[in-house]
Amino acid sequence: MPTTRAAPAPSGRRAAPGRGGSGPDERRLTWRNRLHRFDMRYMPYLMIAPFFLLFIVFGLFPLAFNGVVSLRNYRLDDPTLPYWAGVENFTRLLGDEDFWNALYNTFGIFLLSSVPQLLLALLVASVLNRKLRAQTWWRVSILLPYVTPIVASTMVFSAFFSRSYGMANWLLASVGIGGTGDAAIDWRADKPHSWIAIATMVNWKWIGYNALLYLAAMQSIPRDVYEAAAIDGAGPWKQLWRITVPMIQPVVVFTVVLSTIGGLQLFTEPMLFDLNAQAATGGPDGEWQTIAQLIYKVGWKDLNLGYAAAMSWALFVIILLVAGINTLLTNRLSGGRR
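For clarity, every value in this text was computed on a predicted model and none was experimentally measured. For every chain, the first residue of the written sequence is number 1, and numbering continues from 1 onward in sequence order. Local features are withheld for residues below a pLDDT of 70 in this predicted model, meaning they are given only at 70 or higher, and side-chain atom pairs are given and counted only at 80 or more; totals for whole chains, interfaces and linings count all residues. Values shown for side chains rest on all heavy atoms present in the structure; no hydrogens or waters enter the calculation.

Caption draft 1: The arrangement of the overall build of the chain in detail. Secondary structure summary: the chain contains 15 helices and zero strands in total. A total of 338 residues make up the chain; the buried ones form 35% of that total. In the chain, of all internal contacts separated by at least 6 residues, the share reaching a separation of at least 24 is 70%. Of the roughly 21300 Å² of accessible surface on the chain, 66% is carried by carbon and sulfur atoms. Only DSSP runs of H or I covering at least 4 residues are called helices, and only runs of E covering at least 2 are called strands; the numbering of each starts at the N terminus. Only protein chains enter the accessibility calculation, which uses a 1.4 Å probe; a residue is then buried when its area is under 20% of its type maximum, exposed when over 50%, and partly exposed in between. Every residue pair with non-hydrogen atoms within 4.5 Å of one another is taken to be in contact. To be clear on the numbers: accessible area is Shrake-Rupley with a 1.4 Å probe, and residue cover counts the displayed protein chains and nothing else.

Caption draft 2: Quick look at the side chain of Asn-210. Along the chain, the position of Asn-210 falls in helix 9 (residues 191-218). Relative accessible area serves as the criterion here: at 3%, Asn-210 is assigned to the buried category. Apart from residues lying up to four places away in sequence, Asn-210 is in contact with Gln-117, Leu-118, Ala-121 and Thr-255.

Caption draft 3: Spatial organisation of the packing of aromatic side chains. Stacked, edge-to-face and tilted are the three classes for Phe, Tyr and Trp ring pairs, Trp counted by its six-membered ring, which pair at centre distances within 6.5 Å; planes under 30 degrees apart are stacked, over 60 edge-to-face, the rest tilted. What the rule picks out here adds up to 20 aromatic pairs. Between the aromatic rings of Phe-157 and Phe-161, the centroid separation amounts to 6.3 Å while the plane-to-plane angle is 20°, which identifies the pairing as stacked. With a relative accessible area of 12%, Phe-157 lands in the buried category. Assessed through its relative accessible area of 4%, Phe-161 is described here as buried. For the ring pair Trp-206 and Tyr-209, a centre distance of 5.5 Å and an interplane angle of 90° mean the geometry is edge-to-face.

Caption draft 4: Seen up close, the nonpolar core. For the purposes of this section, nonpolar cores are sets of buried Ala, Val, Leu, Ile, Met, Phe, Trp, Tyr and Cys residues that join through side-chain atoms within 4.5 Å. If you look at the biggest cluster of nonpolar residues, it comprises 23 residues, and the most contacted ones within it are Leu-122, Ala-125, Tyr-214, Met-218 and Ile-248. Only helix 4 (97-128), helix 9, helix 10 (223-231), helix 11 (236-247) and helix 12 (249-264) provide two or more residues apiece to this core. A total of six residues in this core trace back to one element, the largest contributor, which is helix 9. In this structure, Tyr-214 is in contact with Leu-118, Ala-121, Leu-122, Ala-125, Ile-248, Val-251, Val-252 and Thr-255, ignoring residues within four places of it in sequence. Leu-93, Leu-294, Ile-295 and Ala-308 belong to the second largest nonpolar core, which has 18 residues in total.

Caption draft 5: Focus on helix 12. By definition here, a helix of n residues has an expected span of 1.5 Å times n minus one. The terminal C-alpha atoms of helix 12 lie 22 Å apart, and with 16 residues this matches the ideal 22 Å at 1.5 Å per residue to within 8%. Restricting attention to buried positions, one finds in helix 12 the residues Gln-249, Val-252, Val-253, Thr-255, Val-256, Ser-259, Thr-260, Gly-263 and Leu-264. When helix 12 is viewed along its axis, its buried side chains cluster within an angular range of 165° and face the same direction. For this quantity, the arc is that covered by the directions from the helix axis to the C-beta atoms.

Caption draft 6: Seen up close, the confidence of the model for the chain. The share of residues in the chain with pLDDT of 70 or more is 90%, and the mean pLDDT across the chain is 86. pLDDT expresses how confident the predictor is about each individual residue, on a scale running from 0 to 100. Taken together, the stretch residues 11-20 has pLDDT below 50 and engages in three contacts with residues farther than four places along the chain or on a different chain.

This is the structure in structure tokens:
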């Protein structure tokens, strides 16, 4: 009986895809996996690397170098002084009347500008959040002061607050405040009037910007919340402080910190408000000289860069402290209304 012999197995078997092997398909798959792994792991860091490089070059390095300069006797008009001054520049600040006067002016203008600015921005945003005719036009128009060049607007306000021909005195005289001629208000004569004038410039420019930030946050609040509050008898004013402010608390904190930083670094408005702007004295007796102006004067007018750097670091620490305090107060006030 003839027997059948099994056929011999083929000498080479093709490997199943994905189970090893060295064919072109396997190499292509490996290369794609490597590209995918590189894209997932390293591309996000490469995409954000330019920001960190620019921040190191134009942010961290100037900050560190400024700290080194603050510990030196760095005078451009006297290079023979000893190289290191230690903490002498910082201890000198404690007895410097110009520094304390500038700090007093800075906080005075800051309070007159930041507090009304944020409150008015909140009210404006609340009005714009309602149904209005020409709603888009109103929202765009409140941003026009922000896009106006700060130098141009400051020069206009400088003429607006002129004693002899300014419209501010004319408007006040029309309602029985002040007068004309010798009775007109001299906005550059003392601290209160100069502070009000500069704070008006700052408020005019930044109210619209903050209002749009608040408005964007208000858009995310469901309308059902306001409808339920209206049914319970809450009016618009109570809805604003009991519902809107607590629900946009992160944006409120952001604007408080932003206005704190900007208010304590105020420079352009008080600089150009002075008729003798090149002196950077903030008036004949420093009536409205801010710390930023004093740093400019000490560094580039008196040529004492070491002392100016110490003032810069003092201002940096003050901004951190005030911003932290404002953040804590804002969080507590907003949380208390919930």
